[in-house]
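Structural characterization, general
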Amino acid sequence: GQQVQQSPASLVLQEGENAELQCNFSSTATQLQWFYQSPGGSLVSLLSNPSGTKHTGRLTSTTVTKERRSSLHISSSQTTDSGTYLCAIEGNAGAKLTFGGGTRLTVRP
Amino acid sequence: EAAVTQSPRNKVAVTGGKVTLSCNQTNNHNNMYWYRQDTGHGLRLIHYSYGAGSTEKGDIPDGYKASRPSQENFSLILELATPSQTSVYFCASDDWGQDTQYFGPGTRLLVL
């Protein structure tokens, strides 16, 4: 089945620094989503980016479909960015998402 | 904004007991999903549904059943709960053509 690997597993930054999160996947993805999970556990979708580059606020995602990888760049990190970032892909089989293990981000003041 | 609710939010069960986790969504989405999240495994798909009356097996369906009696409701049933099913369970919904899944707040299940 599909596999999604995220790196690094954890990342600690000082407020104001930039973060670069990586997502690699084992098979063709027709859809790729980045999610944020708060320290309290709630999950929200950040953006969907199956190919190319997409920006929203301080987030930039770049997906290179042929190389089966995506990145999420967080600029000027804030303490409220702390949490876990999850990458998920949808393959050709349909609506099911396969999630990576996540990157746990800690932003210190 | 899509609304997905789950009940109960916390549950303690005994080994061998029956547990039912409920999910409700109010946005008329066709697709609903049940995931579990464990440390080191991320989110794993248990069952999903394409609409009322349909249930499909996900990646880890063993030990679980699902029921979709209506468009709004999707339940996950543990007929004989085991300690290995201790986890956090998330329900989600979306619709065809959408690029976002909407998640419920999660249910923490402890099986003793």
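All of these numbers come straight from a predicted model, not from anything done at the bench.

Secondary structure assignment for chain A yields 0 helices and 11 strands. In summary, chain A has a C-alpha radius of gyration of 13 Å against a globular reference of 13 Å for 109 residues, a match within 12%. Projecting the C-alpha coordinates of chain A onto the three principal axes gives extents of approximately 45 × 25 × 20 Å. A burial count over chain A gives 45% of its 109 residues as buried. Just so you have it, chain A exposes about 5000 Å², and 46% of that area is on carbon and sulfur atoms. In chain A, 8 positive and 6 negative side-chain charges are present, and the distance between their average locations comes to 8 Å.

The next subject is the side chain of B:H47. Residue and element names in this part refer to chain B. Inspection of the secondary structure assignment puts H47 in strand 5 (residues 42-49). Exposure remark for H47: the relative accessible area of 6% places this residue in the buried category. Polar side-chain contacts of H47 include one of 3.2 Å to the backbone oxygen of E56. In contact with H47, not counting residues within four places along its chain, are Y33, W34, E56, K57, G58, P61, Y64, K65, A66, F74 and L76.

A few words on the pattern of salt bridges. Pairs can form between side chains of opposite charge once their charged atoms are near each other. A complete count under the given rule lists 5 salt bridges over all chains for this structure. The partner of A:D81 in a salt bridge is A:R58, and the shortest N-O contact between them spans 2.8 Å. Here A:R58 lies in the loop between strand 6 (52-56) and strand 7 (59-64) and A:D81 lies in the loop between strand 8 (69-74) and strand 9 (83-90), a separation of 23 residues in the sequence. By relative accessible area, which is 9% here, A:D81 ends up buried. Notably, a salt bridge pairs B:D38 with B:R44, separated by 2.9 Å at the nearest N-O pair. On the accessibility criterion, B:D38 (15% relative accessible area) is buried. Residue class for B:R44 comes out partly exposed when judged on its relative accessible area of 24%. Three or more residues joined by partner-sharing salt bridges are found here, namely B:R36, B:D38 and B:R44.

Our focus in this paragraph is the packing of aromatic side chains. Applying the stated criterion across every chain yields a total of 12 aromatic pairs over all chains. For the ring pair A:F99 and B:F103, a centre distance of 6.2 Å and an interplane angle of 80° mean the geometry is edge-to-face. Here the residue A:F99 occupies a position in strand 10 (residues 97-99), and B:F103 occupies one in strand 10 (residues 102-103), the pair thus bridging two chains. A single burial state applies to A:F99 and to B:F103, both of which are buried. Between the aromatic rings of B:Y48 and B:Y50, the centroid separation amounts to 5.3 Å while the plane-to-plane angle is 75°, which identifies the pairing as edge-to-face. The rings of A:F35, A:F99, B:Y33, B:Y35, B:Y48, B:Y50, B:F90, B:W96 and B:F103 are connected pair by pair, giving a single aromatic cluster.

Now for the sheet that holds strand 3 (residues 19-25) of chain B. All names here are of chain B. Ordered in space as 1-3-8-7, the 4 strands form an open sheet in which the pairing is antiparallel. Every interior strand has two partners, whereas the edge strands, strand 1 (4-7) and strand 7 (65-67), have only one. Put simply, the sheet's adjacent strands are angled 20° from each other on average, direction ignored. With 6 bridges connecting them, strand 3 and strand 8 (residues 73-78) associate as antiparallel partners. In the strand pairing of strand 8, N24 is matched with N73.

Cut-offs used in this document
Residues numbered from 1 in each chain as written. Chains lettered and ligands numbered in written order. Predicted model: local features only at pLDDT ≥ 70, side-chain atom pairs only at ≥ 80, totals over all residues. Heavy atoms only, no water. Helix = DSSP H or I, 4+ residues; strand = E, 2+ residues; numbered from the N terminus. Rg over C-alpha atoms; globule rule 2.2 N^0.38 Å. Buried < 20%, exposed > 50% of the residue type's maximum accessible area, 1.4 Å probe, protein only. Areas by Shrake-Rupley, 256 points an atom, 1.4 Å probe, with all protein chains shown as cover. Lys, Arg positive; Asp, Glu negative; His and termini not counted. Charge placed at Lys NZ, Arg CZ, Asp CG, Glu CD. Polar contact = N/O pair within 3.5 Å; in protein donor to acceptor, adjacent residues only side chain to side chain. Contact = heavy atoms within 4.5 Å. Salt bridge = Lys/Arg side-chain N within 4 Å of Asp/Glu carboxyl O. Phe/Tyr/Trp six-rings, centres within 6.5 Å; stacked < 30°, edge-to-face > 60°. Pairing = 2+ DSSP bridges. Axes fitted to C-alpha atoms, helices over the stretch in contact; angles between N-to-C directions.

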